Every structure is written in C-alpha cells, then in structure tokens.
Amino acid sequence: MKPQADGSDEAQGLRLLRAFLSLPPDKRAEVLAFVENLVSAHSRPEDGHEASPT
C-alpha cells in the first residue's frame, strides 16, 4: 500500500499536466523555454567542480 503523499503527488502532477495542456501553444512554448532555462542553470557545474557524467 502506498503512502498518501504518493497519491497526492501523483494527483498534483496530473493537475499540472492538465493545466499545461490547456494553455494555448504560445504559452506552452514559454513554459517549456522557462523549464529548459531552469534545467540548464541547475545542470551547470559550479566553479571548481566538474559535471558528473550521465
């Protein structure tokens, strides 16, 4: 049996996906660009640290 937090996380993810899909295409593109910028900012190695291989 899964803890309740997993169920609410799953429900929140579905709500986010539904909200994203209800956006017009130009707004979806803005969201995707924003997320890509966040990912690239967090995946950059810090000074003096090398990026770990994936």
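Residues numbered from 1 in each chain as written. Predicted model: local features only at pLDDT ≥ 70, side-chain atom pairs only at ≥ 80, totals over all residues. Heavy atoms only, no water.

### Focus on the overall build of the protein chain
- Scanning the protein chain for helices and strands turns up two helices and zero strands.
- Within the protein chain, the fraction of its 54 residues that count as buried is 0%.
- Taken as a whole, the protein chain presents about 5,200 Å² of accessible surface, with 59% of it coming from carbon and sulfur. (Helix = DSSP H or I, 4+ residues; strand = E, 2+ residues; numbered from the N terminus. Buried < 20%, exposed > 50% of the residue type's maximum accessible area, 1.4 Å probe, protein only. Areas by Shrake-Rupley, 256 points an atom, 1.4 Å probe, with all protein chains shown as cover.)

### Brief notes about the packing of aromatic side chains
- Scanning all chains against the criterion turns up zero aromatic pairs.
- Over the face of the ring belonging to phenylalanine 20 we find arginine 28, whose NZ or CZ atom lies 6.0 Å from the ring centre. (Phe/Tyr/Trp six-rings, centres within 6.5 Å; stacked < 30°, edge-to-face > 60°. Lys NZ or Arg CZ within 6 Å of the ring centre and 35° of its normal.)

### Concerning the pattern of salt bridges
- In the structure shown here, the tally under the stated rule is one salt bridge.
- The shortest N-O distance in the salt bridge between glutamate 30 and lysine 27 comes to 3.8 Å. Within this pair, glutamate 30 and its partner lysine 27 are both found in helix H2 (residues 25-43), separated by three residues, close to a single helical turn.
- Here glutamate 30 falls in the partly exposed class, since its relative accessible area comes to 47%. (Salt bridge = Lys/Arg side-chain N within 4 Å of Asp/Glu carboxyl O.)

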